[in-house]
Structures are given as structure tokens and as C-alpha cells.
Amino acid sequence: MRAGPSPEEVRRHNLGSLLRYVHLHGATSRAELTNRLGLNRSTIGALTAELTTAGLVSEAVPRETGRAGRPSLVVRPESARIHAYALSIEVDRLRAARVGLGGRVLDRRECERPPGMPVLDAVKPLAAFVHEMRHEVADGARHVGTGVAVAGRIRRADGTVRLSPTVDWIDPVRAALSDELGDEHRLTLGNHADVSALVEHSRGAAVGCDNVIYLHGDAGVAAGIIAGGARVTGYGGHGGDVGHMVVNPYGRACGCGSRGCWETEIGEQALLRRAGREGETGRAAVLSVVRAATHGDSRAQFAVREVGDWIGFGVGNLANIFNPEAVIFGGTLRDVYLGAAAQIRSRLNEVALPACREHIRLRTPGLGNDAALIGAAELAFQHLLDDPLLS
Ligand SMILES: [Zn+2]
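The model shown is predicted, which means the values in this text are computed figures rather than measured ones. All chains use their own residue numbering, which begins from 1 and follows the written sequence. Totals for whole chains, interfaces and linings use every residue, but because this is a predicted model, local features are given only for residues with pLDDT of at least 70 and side-chain atom pairs only at 80 or more, for both listing and counting. The basis for the side-chain values is all heavy atoms of the structure; hydrogens and waters are excluded.

Some remarks on the nonpolar core
Condition: Side-chain atoms within 4.5 Å link the members of a nonpolar core, which is a set of buried Ala, Val, Leu, Ile, Met, Phe, Trp, Tyr and Cys residues. Accessibility here uses a 1.4 Å probe with only protein chains present; expressed as a share of the type maximum, an area under 20% marks a residue as buried, one over 50% as exposed, and anything in between as partly exposed. Counting from the N terminus, the helices are the DSSP runs of H or I reaching at least four residues and the strands are the DSSP runs of E reaching at least two. For this analysis, residues touch if any pair of their heavy atoms sits within 4.5 Å.
Ranked by internal contacts, the top residues of the largest apolar core, which has 38 residues, are Leu215, Ile311 and Phe329. For this core, the element with the most residues is helix 10 (residues 298–322), which contributes nine residues. Discounting residues that sit within four places of it in the chain, phenylalanine 329 has contacts with Leu215, Ile311, Val315, Arg334, Tyr337, Ile344, Leu362, Arg363, Thr364 and Pro365. Core analysis: the second largest hydrophobic core is formed by 31 residues, Tyr21, Ala149, Ala372 and Leu384 among them.

Some remarks on the environment of glutamate 200
This is how it is decided: Polar contacts, as counted here, are pairs of nitrogen or oxygen atoms within 3.5 Å of one another; within protein the pair requires one atom able to donate a hydrogen and one able to accept it, and residues that are adjacent in sequence qualify only if both atoms are side-chain atoms.
Tracing the backbone through its elements, the reader meets glutamate 200 in helix 6 (residues 192–203). Sequence spacing of glutamate 200 and proline 365 is 165 residues, and the spatial spacing of their C-alpha atoms is 6.8 Å. The contact partners of glutamate 200, leaving out residues within four places of it in the chain, are Ala205, Ala206, Val207, Tyr214, Ile328, Pro365, Gly366, Leu367 and Ala371. Separated by 3.0 Å, the side chain of glutamate 200 and the backbone nitrogen of leucine 367 make a polar contact.

Things to note about the pairing of strand 12 (residues 221–227)
Note the following rule: Strand pairing follows a simple DSSP-based rule, namely that at least 2 bridges must link the two strands.
For strand 12, a buried count of six out of seven residues is recorded, marking the element as mostly surrounded by other parts of the structure. One ladder, built from six bridges, connects strand 11 (residues 212–217) with strand 12; its direction is antiparallel. By the bridge assignment for strand 12, leucine 215 is matched with alanine 223. Here strand 11 hands over to strand 12 after three residues, the two strands then running antiparallel side by side. Sheet topology note: the strand 12/strand 13 (residues 230–231) ladder contains two bridges and is antiparallel. By the bridge assignment, isoleucine 226 is partnered in strand 13 with arginine 231. Taking the residues that link successive antiparallel strands as the turn, the strand 12-strand 13 hairpin has two residues, and the phi of glycine 228 there is positive, at about 60°.

Brief notes about the sheet that holds strand 12
Put simply, the test is: Only the contacting stretch of a helix is used when fitting its axis, a line to C-alpha atoms as for every element, and angles between N-to-C directions run 0 to 180 degrees.
Taking strand neighbours across the sheet as the criterion, the five strands line up as 13-12-11-14-15 in an open arrangement whose pairing is mixed. The open sheet has two free edges, formed respectively by strand 13 and strand 15 (361–363), since each of these has just one partner strand. Along the sheet, helix 10 makes contact with strand 11, strand 12 and strand 14 (326–331), crossing strand 11 at roughly 150°. Relative to strand 14, helix 11 (residues 332–351) is tilted by about 145°, and along the sheet it contacts strand 11, strand 12, strand 14 and strand 15.

Considerations on the coordination of the zinc ion
Cut-off, in case you're wondering: Nitrogen, oxygen and sulfur within 2.8 Å of a metal are treated as its donors, or within 3.2 Å for sodium, potassium and calcium (Na, K, Ca); water is not counted, so a site can appear incomplete. Irregular is the default label, applied whenever a site is not tetrahedral (four donors, all angles between 85 and 135 degrees) and neither square planar nor octahedral (four or six donors, opposite donors over 155 degrees apart, all other angles between 65 and 115).
Coordination of the zinc ion by the protein is provided by His244 (ND1), Cys254 (SG), Cys256 (SG) and Cys261 (SG), with metal-donor distances spanning 2.0 to 2.3 Å. Around the zinc ion sit four donor atoms, and with donor-metal-donor angles ranging over 105 to 120° the site reads as tetrahedral. Ordering the donors of the zinc ion by residue number gives the pattern H-x9-C-x1-C-x4-C. A relative accessible area of 35% means that cysteine 256 is categorised as partly exposed. Classification of cysteine 261 as buried rests on a relative accessible area of 0%.

So, the pairing of strand 4 (residues 82–89)
Here strand 4 lies mainly inside the structure; eight of its eight residues are buried. Burial of the side chains of strand 4 extends over both faces: Ile82, Ala84, Ala86 and Ser88 are buried on one face and His83, Tyr85, Leu87 and Ile89 on the other. Where strand 4 meets strand 7 (residues 142–150), seven bridges bridge the pair, whose relative direction is parallel. The residue bridging leucine 87 from the neighbouring strand is valine 148, located in strand 7. Here strand 4 folds back onto strand 5 (residues 93–100) in antiparallel fashion, the turn holding three residues.

Quick word on the pattern of salt bridges
Our working definition: Whenever Lys or Arg places a side-chain nitrogen within 4 Å of a carboxyl oxygen from Asp or Glu, that contact is recorded as a salt bridge.
In total, this model carries 23 salt bridges according to the counting rule given. In this structure, aspartate 387 engages arginine 12 in a salt bridge whose closest nitrogen and oxygen atoms are separated by 2.6 Å. Note that aspartate 387 is positioned in the segment after helix 13 (371–386) and arginine 12 in helix 1 (residues 7–25), a separation of 375 residues in sequence. Note on arginine 12: relative accessible area 24%, which makes it partly exposed. Between arginine 95 and glutamate 90 there is a salt bridge, and its shortest N-O distance comes to 3.0 Å. Both residues of the pair, arginine 95 and glutamate 90, count as buried. Residues joined in a network through salt bridges with shared partners are Glu90, Arg93, Arg95, Arg108, Glu110 and Asp370.

Observations concerning the packing of helix 6 against helix 13
Defined as follows: These descriptions rest on fixed angle ranges, namely under 35 degrees for roughly parallel, over 145 for roughly antiparallel, 65 to 115 for roughly perpendicular, and the rest for oblique. Gly counts as polar in this scheme, as do all residues outside two lists: the nonpolar Ala, Val, Leu, Ile, Met, Phe, Trp, Tyr, Cys and Pro, and the charged Asp, Glu, Lys and Arg.
Where helix 6 contacts helix 13, the two axes come as close as 8 Å, and the packing angle between them is 80°. Overall, the two elements helix 6 and helix 13 adopt an arrangement that is roughly perpendicular. Touching His192, Val195, Ser196, Val199, Glu200 and Arg203 of helix 6 are Ala371, Ala372, Ile374, Gly375, Ala376, Glu378 and Leu379, all from helix 13. For the contact of helix 6 with helix 13, the residue count by class is seven nonpolar, three polar and three charged.

Describing unusual backbone geometry
In this model, asparagine 323 sits at a positive phi of 50°, which is unusual for a non-glycine residue. Structurally, the position occupied by asparagine 323 is in the loop between helix 10 and strand 14. Relative accessible area serves as the criterion here: at 39%, asparagine 323 is assigned to the partly exposed category.

With respect to the sheet that holds strand 1 (residues 28–29)
The strands making up a sheet associate through backbone hydrogen bonding, with each pair oriented either parallel or antiparallel. What the three strands build is an open sheet, ordered 1-3-2; its pairing is antiparallel. The sheet is open, and its two edges are formed by strand 1 and strand 2 (57–60), each paired on a single side. Inspection of the sheet shows strand 1 paired to strand 3 (residues 74–77) by two bridges, in the antiparallel sense. Opposite threonine 28, over in strand 3, you have valine 75 as the bridge partner. On the sheet, helix 3 (residues 41–53) packs against strand 2 and strand 3 and is oriented at approximately 120° with respect to strand 2.

Below you can see the structure in the form of C-alpha cells.
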């Protein structure tokens, strides 16, 4: 029989829990930490003292408590001092940020990603952003790692190319970034939709929901799926490629070689084609169709309605399989969702079983367009949160 955890293991676990709590919830009084973490006051005091000595949190007397008696000290993450770099390789742009413990964006940069630019070619401009931001960092600040979110797509002039989420890019991108940024950087890479799902689950629109589907639309459609609190990866990390779920066997040819995949009916090209805007691409074009629809343009209204129907059918099927509490629409799907929410809900209600749909909350990302960027930072903070005194 295995012995229980040692006092040292318990202490490290508790340090991680406390740091994770203030990382996710911000400044928290010792009294509330005692409640939330189920530990006694003296333990919270000792853990806080250790994290303060390590420079990870600070404590202060709250300004106003409105209560008599000695106020409980407030513990806050050292956001300005402890930071990670977050990089996001998206279909149309490259973004980089320095993110403080607690999820605060301290600095950011972005540029366009030209059509056809291979994922690997994004490494140099992103590394240049990191070098620039490093110059702005105050003395005494500490960098804990770099997280990278990659949308597994490349936009070509004639459409898009799909990359498999793990095999094609992870290793080369990791090696190239390592060379550019130096070996001291801890690099963690993840798929765009997956990291968005994780961060919306921990600090966004799906807090408290352990069954979540994050649908991301850009040139294609992908999902990050969380079931029972854990990310669905499948064998080899390819799980969640819902864009290639066949919904219309008589539909259009898809870039993956199949026909009638969901993304051929709900992707940005599906909307633009129905709106009579072939040749246009990108989020601005999608937004312009949705806006035209709300202003009464009948062709745009038709396009948004049709795409809304197909979104509803697909989400209904996913609801029957995963029984999620929340479905979040990100990227271009956010804009389409906002223009077709009633349509989507109505189709979903037709397709999904009552038990699978009654509790579903349909949402836009709580972190807005920053979901993947903050998600990438979360990847980088994991080492620290797992064992705050290790590094
Ligand atoms: Zn396909």
C-alpha cells in the first residue's frame, strides 16, 4: 500500500493551490482564501509568507472594509514582476504579449500574417516582438516561460491549407523558437482552439462549467472540447476537428479531400459565398456581411440565416454527443453567432435531445479576441502554478 503524501508534498500542493487561486481570481483576502481552499488561518498565513518571500505575491491591508475589527490582509499576484510571454500564430495575423501573473496584459505587439506564410516563417517576427518587449521589462522582473498558440491553418490565395495539429508544426516551431529566444525559455505549444477552451474554462465565459465546447472560426472551423473537466485530445492530439464532421454528403468539396464538411457550410467562405462576396476573405469581410444583414440587406440576411441554420444543426449534434453546459463561439463564428443567435438556438432545439440542450449556455468568449493569447500565457504559467518554488 502506498503511503499518503508527505508533509512536504502537501505543502507544495497547497502553495500551488493558493497561487493558482489568486492568479485566476485576483486580489483575495486571507479570510476568503481560508474559506475557498479549506485550509486553516495559520496555514494560509504560512503559505502566503512563503509565496511573498519568493516574490510571487504581495500582501496589503485593504483600504476600506466597512467592518469593525482587524481587517484580513489582501493577497495579490505580483503581476508587474512575474510574467510570461504569449505568442499567437493566427491565420491572418501574428500576436505577442507579455502577460503578468494574474492574466494581466502588460505589453503587446501584432502584425499581419501575409497569405501563404508558413507557420515556421512566423517565428522570426514573433521572436523580434519578444526581444522588443524584453527591453521594456523593469529590473527585478522574472520571466517564467513562453506559451504559443497556433491556428493550424495557412491562408493561400485559393483558399486554405490545413495542418494537422501536432505532427506538422509542433517540433519545428518549438526548435526554431528555442533558437531565437534562447534555451532559458520554457516553451509550451498548443492548438489555438484548445488553449482558448482551456482559458475560457478557467477565467472566461465557461467558469464553473466542466463540459465546454469552444468553436473557433477563421479560415476553417476547429473546436477545443473539455469533457468532465479534461481536454479531449484523442489519440495523437487530433480530437476536436469538428470542422471536418460531414454534415452534407451532397455538399461542396472540402480542402481535406472529403465533401460537405461542417466548415464548408459554416466557415467564412460559406458565408461570403452566400452573400455574393466571393473573393473576399478575413474577419472584416465576415463582420461586414453580419452588419449588412442587421441593416436590412436581404442577400446578407439570407447568408447569415443559412449559415446560422448549419451552425445550429452541428452544435445540436455536438450537444447530443458531449452534453456540454456551455458552447462558446470565437473568431468569425462570434460575429456570425451574434447575427444569428435566434436561428442557431432554434435549430439546436430541433436537433438536440431535451436532456442535452436544456442547460446549454451559448456564449461569446469572455476574453474576447484575446482568448488564444491569454490561453497561450496560461500554458506558460502552468509550471509555476504546479510547483511555485521549483523554479
Ligand atoms: Zn473537410
